[in-house]
Amino acid sequence: MSAARCLLTEDQLLCSICLDVFTDPVSTPCGHNFCKACISEHWDTKVPFKCPNCNKLFNTRPELLVNTFISEMAAQFRQSPGDVLCDVCTGTRLKALKSCLVCLASYCETHLTMSGLKKHQLIDPEENLEGRMCVKHDKLLELFCQTDQVCVCIHCTYSDHKTHDVVPLKEEYEGKKAELGKTEAEIQQMIQKRRLKIQEMNRSVELSKEGADREIADGVQVFTALKESVERSQAELMDTIKEKQRETEEQAEGFIKELEQEVSELKKRSSEVEQLSRSEDQLHLLQSFTSLNAAPPTKNWTKVRVRPPSYEGSVRRAVTQLEETLRKQMKKLLEVELKRVQQSEVEVTLDPDTASPYLILSDDGKQVKLGDLEKNLPDNPERFDQCACVLAKQSFFSGRLYYEVRVKGKTWDLGVAREWINRKGKITLSPQNGYWAIVLRNGNEYIACAAPPVCLSLKSQPEKVGVFVDYEEGLVSFYDVDAAALIYSFTGCCFKEKLYPYFCPCNDNGGKNSAALIISPVNHTE
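Scope of this entry: the structure provided in the associated data block. Computed from a predicted structure; not experimentally measured.

Within strand β21 (residues 499-504), six of the six residues are buried, leaving the element largely enclosed by the surrounding structure. Neither face of β21 is left uncovered, since the one carrying L499, P501 and F503 and the one carrying Y500, Y502 and C504 both have all their residues buried. The pairing of strand β12 (residues 390-391) with β21 spans two bridges and is classified as antiparallel. Bridge pairing in β21 places V390 opposite F503.

Following this line, the structure appears as structure tokens:
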């Protein structure tokens, strides 16, 4: 049958009237095939007894013959791949509705009704019912051995699986189905989480692109302005030098013209003197000599100089102007940068469980200062015992964070610290010890606690310090908020654990350092 099916295509099994695969195919005397219902209706309503294909006309209504071969071929094409066929049907086998585990046979709807199988175990149609039989005992596999995790028959429980944990197949089925349901739910949850992660990553890429486009636009704007400023300064420098050179040339030309005029007059006088000196007429010489003495005296050119202009400092002054332009551009960039990092503002409150016994914290956890006496507090592992330090309650393991601290009138330490820093005894601030901090000492000594420490030169004393951390970028930056100036940045940091904001109001210094460090809200309208 399958070989015959390979010889035919579905197009060859289509009725030319309904254009569908044959149903109850019959043949006319002229040899053409049609669905029985199609050709009967055609002859009832159209030209009687005429073949729709070859137009052969029959005198009487011809006898239609059942085409068994075409019928079987059509039935094969009508079946869906994987359909189970009825084992009882003869001729064209219909699609099975149920399979019986007792009879090990499959039945179509008609034969299922006729076979009286109500008390038999019926399942959805399935081929290879023999595979449900125990190969050793030829009995139905209706039990499950939980010890060996295999399906067994009733006889297996008396032999190979005698001492094993055996349950009905249905019980194990329901248990496994429940597990599958749970697994499916977990898988769906995992799928949902990953879809959300994909959305998050796509959004991150979008934000990154927006940030990149913004940075490119800002960079193009700044460097275009700098380029124009350089070109303008260069042009101004060239014009200044050329103007000085032109003035020098004009002065020299004026002097030369005047000198040439005097030379011309002197030559004329020289000629007159020479001519008079050759005269032998005594009276004429004496009379003419008087007129020669009346000639205008020549200008004294001894001290007259054409001095080349001084160009010393011209380029330096032009570069100084460029530096001033660059400084203004840097200030604008820092103002924009500060506003951007301020968008990463986070809530920060002080953690009393980490505070040194010498510190006084405000009730809202926003202020800290040094007290007069040491308080009697539990010496828990999180608490600083000797150094007057305190950490924030909030920790950060990813992303960006920004907060501002008012430091006016104080000596102070500010920064971030990793979770497992040493909090007992003397503390040395450095990245190697888990601290990224800057400090103020002796009123005007600003130090970045790097390795080695870096002395900072600031144009003004910050009254409010902004602290910014980009965890993934490995960046910790400190800003003078009021001046919109960058104080210092730790770059290339490698963070592998939680970070906590770190504060130290330092020693009281005889009351001169009694003010509190104050965690301040960010003013986004500035």
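So, on to the side chain of E172. Take E172: it is sitting in helix α5 (residues 169-277). Among the residues examined, E172 registers a relative accessible area of 8% and is labelled buried.

Right, let's get into the layout of surface pockets. In this structure, the largest pocket occupies an estimated 970 Å³ of space. Lining the largest pocket are 30 residues; nearest its centre among them are G211, R214, E215, R340 and R400. Counting only elements with at least two residues in the lining of the largest pocket, the list comes to α5, α7 (314-342), β18 (464-470) and β19 (475-480). Counting residues per element, the lining of the largest pocket draws most heavily on α5, at 12 residues. Among the residues making up the lining of the largest pocket, the classes are represented as 14 nonpolar, seven polar and nine charged.

To continue, consider the sheet that holds strand β5 (residues 105-107). By way of backbone hydrogen bonds, the strands of a sheet pair with one another, either parallel or antiparallel. Strand order in the open sheet formed by three strands is β5-β4-β6, and the pairing between neighbours is antiparallel. Among the strands making up the open sheet, the edge pair consists of β5 and β6 (122-123). Here strand β4 (residues 98-100) pairs with β5 via three bridges, running antiparallel. Bridging across to β5, S99 finds its partner in S106.

Cut-offs used in this document
Residues numbered from 1 in each chain as written. Predicted model: local features only at pLDDT ≥ 70, side-chain atom pairs only at ≥ 80, totals over all residues. Heavy atoms only, no water. Buried < 20%, exposed > 50% of the residue type's maximum accessible area, 1.4 Å probe, protein only. Helix = DSSP H or I, 4+ residues; strand = E, 2+ residues; numbered from the N terminus. Pairing = 2+ DSSP bridges. 1 Å grid on protein atoms, 1.4 Å probe; cavity = no way out; pocket = protein on both sides within 12 Å on 5 of 7 lines; lining within 4 Å. Points joined across faces, edges and corners; volume = space filled by probe spheres on them. Nonpolar A, V, L, I, M, F, W, Y, C, P; charged D, E, K, R; others polar.

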